[in-house]
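# Report on the structure
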Amino acid sequence: MYKFSYTRLKEYSRHLSAYIAAEKQKGLAIEVGSELNLKATFSCLPGLKGKDRDPLAVLIQISAKSPLTKPNTDDRVVWTGWFCGTYTEDEILDLIPSTFTSLPLFLYNGAEALTALVGSWCQRNFDCCFGKLLISSQDLMWLAAMWTGQEMQGRSPSTELVFSVPVEPRMDISYSIKAEDFKTLWNEIQKSEDEVTIEEVDQLFQCLNSHFFRHFKIHLSITQLIKVTVPVASAHCEGKVKFLSKDYLIRVLGFITELAMNNIPC
């Protein structure tokens, strides 16, 4: 983000609020009610850092208030988004000029129209670009291998794998495995707790595919893995991520940060 400054967050809040109001006056459908007054607020999220050198995460909230609402009533948050990047490699941070701030991840929850407005404003003001983060089948396999079998509040939910079958009409196969069974298999395959190799991940899924074929006579090798749900997170190939454990939030963000950095065009 070019010439982004943490000392100007209040100024950014005013400018984005004015931009949204101007776009509303042009007749743009905001999807949260045309009668509502919308206000944008920028703030920092100091807790979303994997290491000291990671730039501070930036939270953007858009709140709504009806003109008929009592003065002391709290505004209703209708859209939330934040820029962040955790466990960014030092070599990458060293290459970034001082006039740029590296926040490669942008996560949001809310109406697509507001997302488009925020994205448009940020691109104009910080010379940045936005794009959907597509997560490959191989990366989803890595996520499953790294975080399945982790206990969450004393329990280990099942690991769920969803495969897309190349047929028309579209058909998906959901493959659910007890997390402890998945973890036992992975422990037998993984050679080192400090390193995960492509060969180990491939071997893990070859075993799972063989087991599935023995029971259902279906070759999962011809399908595409499109979604993984493990105890700590759920991720879809189209970039939709759901965080299921606050204890692993930073680590999962670190994994997605790496994917985002690898997807930036050279």
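Check the entry above for the structure.
Values in this document were obtained by computation on a predicted structure and should not be read as measured data.

Right, let's talk about the overall build of the chain for a bit. Scanning the chain from N- to C-terminus turns up seven helices and nine strands. Buried residues in the chain amount to 42% of all 266 residues. Taking the intrachain contacts of the chain between residues at least 6 apart in sequence as the baseline, contacts between residues at least 24 apart amount to 61%. Of the roughly 15400 Å² of accessible surface on the chain, a fraction of 51% belongs to carbon and sulfur atoms.

This paragraph deals with the environment of T101. Along the chain, T101 falls in the loop between α2 (90-95) and β4 (105-110). Sequence separation of T101 and P55 is 46 residues, and the distance between their C-alpha atoms is 7.2 Å. The residues touching T101, leaving out its near neighbours within four places in the chain, are M1, F4, Y6 and P55.

Moving on to helix α5 (residues 179-189). Taken together, the buried positions of α5 are occupied by A179, F182, W186 and I189. On an axial view of α5, the arc spanned by its buried residues comes to 85 degrees, and they lie on one face. Here the buried face of α5 lies against α4 (137-147), β5 (159-165), β6 (171-177) and α6 (198-216).

All right, on to the sheet that holds strand β7 (residues 224-230) then. If you trace the five strands from one edge of the open sheet to the other, you get β6-β5-β7-β8-β9, paired in antiparallel fashion. The outermost strands of the open sheet, each flanked by one partner alone, are β6 and β9 (241-243). The average undirected angle you get between the axes of adjacent strands in this sheet is 15 degrees. The pairing of β5 with β7 spans five bridges and is classified as antiparallel. Paired with E160 across the bridge in β7 is T229.

Counting across every chain of the model gives six salt bridges. Here D90 makes a salt bridge to K51, at a shortest N to O gap of 3.1 Å. Highlighted residues: D90 in helix α2 and K51 in the loop between β1 (37-45) and β2 (57-65), separated in sequence by 39 residues. Taking the relative accessible area as the measure of exposure, D90 reaches 32% and is therefore partly exposed. A salt bridge links R53 to D94, with the nearest nitrogen and oxygen atoms 2.9 Å apart. Of this pair, R53 sits in the loop between β1 and β2 while D94 sits in helix α2, placing them 41 residues apart in sequence. With a relative accessible area of 42%, R53 lands in the partly exposed category.

Right, let's get into the packing of aromatic side chains. The geometry of an aromatic ring pair is captured by two quantities: the separation of the ring centres and the angle between the planes. Within the structure shown, the criterion is met by 17 aromatic pairs. Here a set of aromatic residues connected by ring pairs shows up, and it is made of F4, Y6, Y12, F42, W121 and F126. Looking at K217, its charged tip hangs above the ring of F213, at a distance of 5.9 Å from the centre.

Attention now moves to the packing of helix α1 (residues 9-25) against helix α3 (residues 112-126). Across the interface, α1 lies against α3 with an axial gap of 10 Å and an inter-helix angle of 125 degrees. In this view, α1 runs oblique relative to α3, as classed from their interaxial angle. In the crossing of α1 with α3, the sense of the turn from one axis to the other is right-handed. Residue-level inspection shows Y12, H15, L16, Y19, I20 and E23 of α1 in contact with α3, the latter providing L117, V118, S120, W121, R124 and F126.

About the criteria used
- Residues numbered from 1 in each chain as written.
- Predicted model: local features only at pLDDT ≥ 70, side-chain atom pairs only at ≥ 80, totals over all residues.
- Heavy atoms only, no water.
- Helix = DSSP H or I, 4+ residues; strand = E, 2+ residues; numbered from the N terminus.
- Buried < 20%, exposed > 50% of the residue type's maximum accessible area, 1.4 Å probe, protein only.
- Contact = heavy atoms within 4.5 Å.
- Areas by Shrake-Rupley, 256 points an atom, 1.4 Å probe, with all protein chains shown as cover.
- Arc of directions from axis to C-beta.
- Pairing = 2+ DSSP bridges.
- Axes fitted to C-alpha atoms, helices over the stretch in contact; angles between N-to-C directions.
- Salt bridge = Lys/Arg side-chain N within 4 Å of Asp/Glu carboxyl O.
- Phe/Tyr/Trp six-rings, centres within 6.5 Å; stacked < 30°, edge-to-face > 60°.
- Lys NZ or Arg CZ within 6 Å of the ring centre and 35° of its normal.
- Parallel < 35°, antiparallel > 145°, perpendicular 65-115°, else oblique.
- Left-handed = near helix turned anticlockwise from the far one by under 90°.

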